[in-house]
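Residues per chain, in single letters:
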Amino acid sequence: MMKHFIRKAAIPAALSLVLLAGTAMAQSTAPASATSSSAAPAAKKSHMQRRMDEVEQQIGDLHDELGITDAESTQWDAYAQVMRDNAKRTGEALRDRHKSMETMNADESMKSYAQLSQLNADNMQKLSSAFSALYAVLSPQQKQTADDLFKNRPPRAGGPGHGPKGGKPASASSSASAPST
């Protein structure tokens, strides 16, 4: 069951960013005064905090699935930090876009999509570089596991982020977001 989740979550990193972009229209941000991310119940957490929690879960899942050793921790930590940074940058960009959507004209809206796409490409370059450094130090068995987890798969019906209601979204920021965010 966990391996099935990890495989779905391991779709290339862009998927996690696409997931975030797909939810930009529906994204709601809670006022800072209404949310205390460390003490707030899940229902009171902001979209951004819930997303960062998902990224942390994905990082933990991938770490476990790959069996990262102490000797690999430097490369792993760098890769995990890129995932966190990517998710944060993307979340902030989507939040900013959401805040200004009401006042955007069509030209500004198109440009904002272009900026999100560029951010996605930049994030993927950073993630790819960090993953290459990690992959280089993995054992042959770990590499095989990574190869299996990161195989390209067609998007699920409805596109990325449109999985069954109540289910976990398939995102690379998810454990394989490792390849993602």
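Residues numbered from 1 in each chain as written. Predicted model: local features only at pLDDT ≥ 70, side-chain atom pairs only at ≥ 80, totals over all residues. Heavy atoms only, no water.

**Here's the deal with the overall build of the chain**
Part 1: The secondary structure content of the chain amounts to 6 helices and 0 strands.
Part 2: For the chain, the α and β elements follow one another from N to C terminus as α-α-α-α-α-α.
Part 3: For the chain, buried positions account for 38% of its 181 residues.
Part 4: The long-range share in the chain, meaning contacts at least 24 apart out of those at least 6 apart in sequence, stands at 80%.
Part 5: Here the chain displays about 9,800 Å² of accessible surface, and carbon together with sulfur accounts for 55% of that area. (Helix = DSSP H or I, 4+ residues; strand = E, 2+ residues; numbered from the N terminus. Buried < 20%, exposed > 50% of the residue type's maximum accessible area, 1.4 Å probe, protein only. Contact = heavy atoms within 4.5 Å. Areas by Shrake-Rupley, 256 points an atom, 1.4 Å probe, with all protein chains shown as cover.)

**Some remarks on the packing of helix α3 (residues 47-66) against helix α4 (residues 73-100)**
Part 1: Running from N to C, α3 and α4 point in directions that differ by 160°, and their axes come no closer than 10 Å. Taken together, the axis directions place α3 and α4 in an arrangement best described as roughly antiparallel. As α3 runs across α4, the sense of the crossing is right-handed. In this structure, α3 contributes M48, M52, V55, E56, I59, L62, H63 and L66 to the contact, and α4 contributes W76, Y79, A80, M83, R84, A87, K88, G91 and E92. (Axes fitted to C-alpha atoms, helices over the stretch in contact; angles between N-to-C directions. Parallel < 35°, antiparallel > 145°, perpendicular 65-115°, else oblique. Left-handed = near helix turned anticlockwise from the far one by under 90°.)

**Quick look at helix α5 (residues 106-137)**
Part 1: Here α5 is 32 residues long and its end C-alpha atoms lie 47 Å apart, about the 46 Å a rise of 1.5 Å per residue gives.
Part 2: By the burial criterion, the buried members of α5 are S109, S112, L116, L119, N120, N123, L127, A130, F131 and L134.
Part 3: Between the side-chain oxygen at the start of α5 and the backbone nitrogen of D107 there is a gap of 3.0 Å, and the oxygen is on N105. (Expected span 1.5 Å × (residues − 1). Polar contact = N/O pair within 3.5 Å; in protein donor to acceptor, adjacent residues only side chain to side chain.)

**Some words on the environment of T74**
Part 1: Here T74 is to be found in helix α4.
Part 2: For the pair formed by T74 and A133, sequence separation is 59 residues and the distance between their alpha carbons is 9.6 Å.

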